[in-house]
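Chains, contacts and geometry: an overview
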Amino acid sequence: MVNSADETLGEATYRQGAMERLAEARLLLDSKQFAGSIYLAGRGVEGMLLSIIWRHDPSFRLGKGVLETGHNLRALLDRVRNLGLLMPKSRNDEFEAAVQKAGREWHNNMRYYSTKLVERRWRRLGLVNKHTTLNRAAGEFFKACSAVVKRGET
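As the structure is a computational prediction, the values presented were derived from the model and not from experiment. (Residues numbered from 1 in each chain as written. Predicted model: local features only at pLDDT ≥ 70, side-chain atom pairs only at ≥ 80, totals over all residues. Heavy atoms only, no water.)

1. Here we look at the overall build of the protein
The helix and strand tally for the protein stands at 7 helices and 0 strands. Moving toward the C terminus, one meets the helices and strands of the protein in the order α-α-α-α-α-α-α. Looking at the 154 residues of the protein, the share that counts as buried comes to 42%. Within the protein, contacts between residues at least 6 apart in sequence are counted, and of these 63% link residues at least 24 apart. (Helix = DSSP H or I, 4+ residues; strand = E, 2+ residues; numbered from the N terminus. Buried < 20%, exposed > 50% of the residue type's maximum accessible area, 1.4 Å probe, protein only. Contact = heavy atoms within 4.5 Å.)

2. Observations regarding the side chain of Asn108
By the element assignment, Asn108 lies in the loop between helix 5 (92-105) and helix 6 (115-124). Within polar-contact distance, the side chain of Asn108 engages the side chain of Arg43 at 2.9 Å. (Polar contact = N/O pair within 3.5 Å; in protein donor to acceptor, adjacent residues only side chain to side chain.)

3. Quick notes on the packing of helix 5 against helix 7 (residues 134-152)
With their axes 9 Å apart at the nearest point, helix 5 and helix 7 run at an angle of 130 degrees to one another. Taken as axis vectors, helix 5 and helix 7 run oblique relative to one another. The two elements helix 5 and helix 7 cross, and the hand of that crossing is left-handed. For the pair helix 5 and helix 7, the contacting residues are Asn92, Phe95, Ala98, Val99, Lys101, Ala102 and Glu105 in the first and Glu140, Phe141, Ala144, Cys145, Ala147, Val148 and Arg151 in the second. In terms of residue class, the contact of helix 5 with helix 7 is made up of 9 nonpolar, 1 polar and 4 charged. (Axes fitted to C-alpha atoms, helices over the stretch in contact; angles between N-to-C directions. Parallel < 35°, antiparallel > 145°, perpendicular 65-115°, else oblique. Left-handed = near helix turned anticlockwise from the far one by under 90°. Nonpolar A, V, L, I, M, F, W, Y, C, P; charged D, E, K, R; others polar.)

4. Observations concerning the packing of aromatic side chains
Taken as a whole, this structure holds 3 aromatic pairs when the rule is applied. Between the NZ or CZ atom of Arg26 and the centre of the ring of Phe142, over which it lies, the distance is 4.9 Å. Sitting above the plane of the Phe95 ring, Arg151 keeps its charged end 5.5 Å from the centroid. (Phe/Tyr/Trp six-rings, centres within 6.5 Å; stacked < 30°, edge-to-face > 60°. Lys NZ or Arg CZ within 6 Å of the ring centre and 35° of its normal.)

5. Brief notes about the packing of helix 1 (residues 11-30) against helix 7
Packing of helix 1 against helix 7 leaves a shortest axis separation of 10 Å and a crossing angle of 160 degrees. The pairing of helix 1 with helix 7 is recorded here as roughly antiparallel in orientation. As for the relative orientation of helix 1 and helix 7, their crossing is left-handed in sense. Contacts from Arg15, Ala18, Met19, Leu22, Ala25, Arg26 and Leu29 of helix 1 reach helix 7 at Ala138, Gly139, Phe142, Cys145, Ser146, Val149 and Gly152. The residue makeup of the contact of helix 1 with helix 7, split by class, is 9 nonpolar, 3 polar and 2 charged.

6. Quick word on the confidence of the model for the protein
Across the protein, pLDDT averages 88, with 87% of residues at or above 70. Averaged pLDDT values over the elements of the protein bottom out at 75 in helix 3 (residues 58-61) and peak at 97 in helix 6. (pLDDT = per-residue confidence, 0-100.)

7. Details of the side chain of Asp57
Tracing the backbone through its elements, the reader meets Asp57 in the loop between helix 2 (34-56) and helix 3. Judged by its relative accessible area of 6%, Asp57 falls in the buried class. Of the polar contacts made by the side chain of Asp57, one reaches the side chain of Arg79; its length is 2.5 Å. Every residue in contact with Asp57, bar those within four places of it in the chain, is listed here: Arg79 and Leu83.

8. Describing unusual backbone geometry
Glycine aside, negative phi is the norm for most residues, and most peptide bonds take the trans geometry. Of note, the phi angle at Lys32 is positive, near 60 degrees, even though the residue is not glycine. Structurally, Lys32 can be placed in the loop between helix 1 and helix 2. Exposure remark for Lys32: the relative accessible area of 46% places this residue in the partly exposed category.

Here's what the structure looks like:
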């Protein structure tokens, strides 16, 4: 798979990008820049799932398999599951739960969101309320994304 800059994307590129996006998300979270942190952490999950798919799906590597998932993390998880990589009742349950959480709470258009808009959306989802601040909810989101990226490193 080649992008417009004529640089080859592959397993290692997706994996490294995922780890860098997660590190950047941590810096933003620590600086209370929640919208950017949440967006980059979600991109980290997306990159790691693409790395896993690239590694285990020969048709994808050869450019014959098309991912019609867009930036849908749950659809990417389905692709990983369909490759037979996730066995039920194993440590994969935590991985799947973390991807499901990220998929419910994140979408690619969040790259345009202000922190105020993220907070409003997460209030509607019940993630931010009188007991849970945006800071705490963003930390929990980062933790879930981190679990996915770290698991994909192995």
